[in-house]
Amino acid sequence: MSDYRRGFETLDREIHEPRLPIEGDLPDWLSGTLIRNGPAQFEVGDQDYNHWFDGHAMLHAFRIEDGTVGYRNRFLETNSRQEALAEGEIVRSEFATDPCRSLFGRVMSVFNPKPTDNASINVAQIDDAHVALTETPIPVAFDPETLETAGVVEYEDDVDAPMSTAHPLVEPDTGRTITYLTEFGRQSKYHIAGLPAGSRSRTLLATLDVDRPRYMHSFGMTEQYVVLTEWPIVVDPLDLLLRGEPFIENFEWEPGLGTRVRILRKEDGEEVATCTAEAAFAFHHVNAFERGDAVVCDVVTYPDASIIDALSLDRLRSDEPTPGTGRLRRYRLPLDGGSASSTVRSDERLELPRIHDAAVRGRPHQFVYGVGERGDGTFTDQLVKIDATTGDAQVWREAGTYPGEPVFVPRPGGAGEEDGAVLSVVLDPAADRSFLLVLDAASFEERARAPVPHAIPFGFHGQFVDGAGA
C-alpha cells in the first residue's frame, strides 16, 4: 500500500540498529533519546481490533549521540498482549473493542473486570521509572535502553479510580506531576491528584461530584489552576457495567449540554469558576495560562465527537477521507464564571500539538507545533508551526510522506520557544519505511533525516529524554 493507510498495518518486526544512515547534518548539541509510543499490532488470530487506539503498544527509541542515530523497537509485553497471544484471540476490552461475544462472557466481565494495561498512548516518568501510559491508571514500566517491559508501577497511595488521563502535566518549577482520574459509581467523581518529583505517592488536590461523567482525554493547567473541559459526550455509569459495549460506545453525544469548563485552584482544591461554551469536542489541550481576570486555554477542537468514529480502523483503511486534524481554538475563561468566548487562531489545521514544555507550560506561549493536513483527505501529510498570537504558520511537507507528532527539543542554554530542534517520525509508504526527521525549530527547515529499515505504524506521543536509548 503506497498511501497513508500503510501506517495502519501491523509491524511484527523487532530490531536493533545501532547506527542508522544519516542524510544531512544533525545539530552538534542534539544528544539524548526520543522514545515514542503507539499501536503496532491490530489483530489477534482472526479477530481485528476496531479502533486505532486499540492495537498492541510498541515502543520505538531513537538514540542520538555524537552525530549518530541508533534505533530500537519492542512490543510492550503487557498482560493484555500476553493473554491475547496465549489464547489466540482478543481477551481484554479496549477503548472501542469488546471481546465478550457471549452473554455469559459479558455477565462475567461485570463481576470480574479486567481493565486493559495496553499502554499505547504516551510515555512519562514516575519516580525513577520510565512508564508507558493509557487511559487506565496502570502505568507500565520499561527499560529506556533495551525497551524491555519491567511490569506495572504501583503507586504508594490510596487514590483509586478506573479511568485516568494519558496526558499528565508536569509543573516546570516544581517537577510535580498533575493528573486527573474519573471514578464511576452511583455518585461518580473527578479527582485531581499531584505526584511530587521522585515520589510514587499521589496526593488528592480536589474532588468533584458528577452524575454523568464526560469523556475528557486531556486537561489544562496554569501556574495556579487546573482546567477541566467537559465536552458534551456523557455516560450513565450503569451503562458501563450493564450494556456490554466497548468503553467509548457507552458515551452519548448530547450537544444541548454545551461545553462546561471547571477551573480549580491547585493550592486548596476550590472550584473558583465554572464557564460555559458552545458544544465542541477535543482530544488535546495545548496549554493554559492566566491573563488578568481570566484563564486563557488553547485546545485543538472539532465541531462534534464524530472524530472518534472517524479514527476506527475500518474508516482509516477505507477510501473515504478521514479528518485527521482539528482547529486551534483559544478560549477566554472568566475567573468569575459565566460564558467563555473563543476564537480560532489559525487557518492551518493541526493535531498532536506540542509546545516548549519546560519554558511555557502553564504560562503564555507563542508557538504550537503539530501535524497538519492540506485538507484533501490525505490524513496528516505535513508538519505545522503556528504562531498562536498572529495566526501565521510555517509548514514542512514532502509529497507522499506522512509525519507523526513533532517533539520540540530545546537547545541547551537556548532562549525562546523556537531555539531548538523538532523531531518527528515520518512514514514513507512508497519506500515501505519510515525515517526520523530533524527540523530546525526556528526556520522549520530540515536539518537531517535517518531512515529506518521498516515502516513504523502511526503512533501517538513521545518524549525526548537525556541519556539512555538505542
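In what follows, the structure referred to is the one given above.
None of the values given here were measured: they were computed from a predicted structure.

**Student:** For the overall build of the chain, give the residues involved together with the corresponding values.
**Tutor:** A tally of helices and strands in the chain yields 6 helices and 37 strands. What you see for the chain is a C-alpha radius of gyration of 21 Å, in line with the 23 Å of a compact globule of 470 residues. In terms of principal-axis extent, the alpha carbons of the chain reach across some 60 × 55 × 45 Å. Of all intrachain contacts in the chain linking residues separated by at least 6 positions in sequence, the fraction that spans at least 24 positions is 60%. A total accessible area of about 18,500 Å² is found for the chain, and carbon and sulfur atoms account for 44% of it. In the chain, the 44 positive side-chain charges and the 79 negative ones have mean positions that sit 2 Å from each other.

**Student:** How would you summarise the pairing of strand β15 (residues 188-195) if you had to cite specific residues and measurements?
**Tutor:** The buried fraction of β15 is high, at 7 of 8 residues. The pairing of strand β14 (residues 177-183) with β15 spans 7 bridges and is antiparallel. By the bridge assignment, L181 is partnered in β15 with H191. The antiparallel pairing of β14 with β15 creates a hairpin that spans 4 residues between the two strands. The pairing of β15 with strand β16 (residues 203-210) spans 7 bridges and is classified as antiparallel.

The rules we used
Residues take numbers from 1 onward in each chain, read along the sequence in its written order. For a predicted model such as this one, the threshold for reporting local features is a pLDDT of at least 70, and the threshold for listing and counting side-chain atom pairs is 80 or more; totals across whole chains, interfaces and linings nevertheless cover every residue. As a rule here, side-chain values cover all heavy atoms of the structure and leave hydrogens and water aside. The secondary structure listing takes helices from DSSP runs of H or I that are at least 4 residues long and strands from runs of E that are at least 2 residues long, numbered from the N terminus. Here the radius of gyration uses the C-alpha set of atoms, whereas the globule reference equals 2.2 Å times the residue count to the power 0.38. In this description, contact between two residues means that some pair of their heavy atoms is separated by no more than 4.5 Å. All accessibility values rest on the Shrake-Rupley procedure with a 1.4 Å probe; residue burial counts only the protein chains present in the view. Just so you know, the count uses Lys and Arg for positive and Asp and Glu for negative, and it drops His and the chain ends. We put the charge of a Lys on NZ, of an Arg on CZ, of an Asp on CG and of a Glu on CD. Remark: exposure states derive from per-residue accessible area (1.4 Å probe, protein chains only) relative to the maximum for the residue type, with buried under 20%, exposed over 50%, and partly exposed in between. Note on pairing: two strands pair once DSSP finds at least 2 bridges between them.

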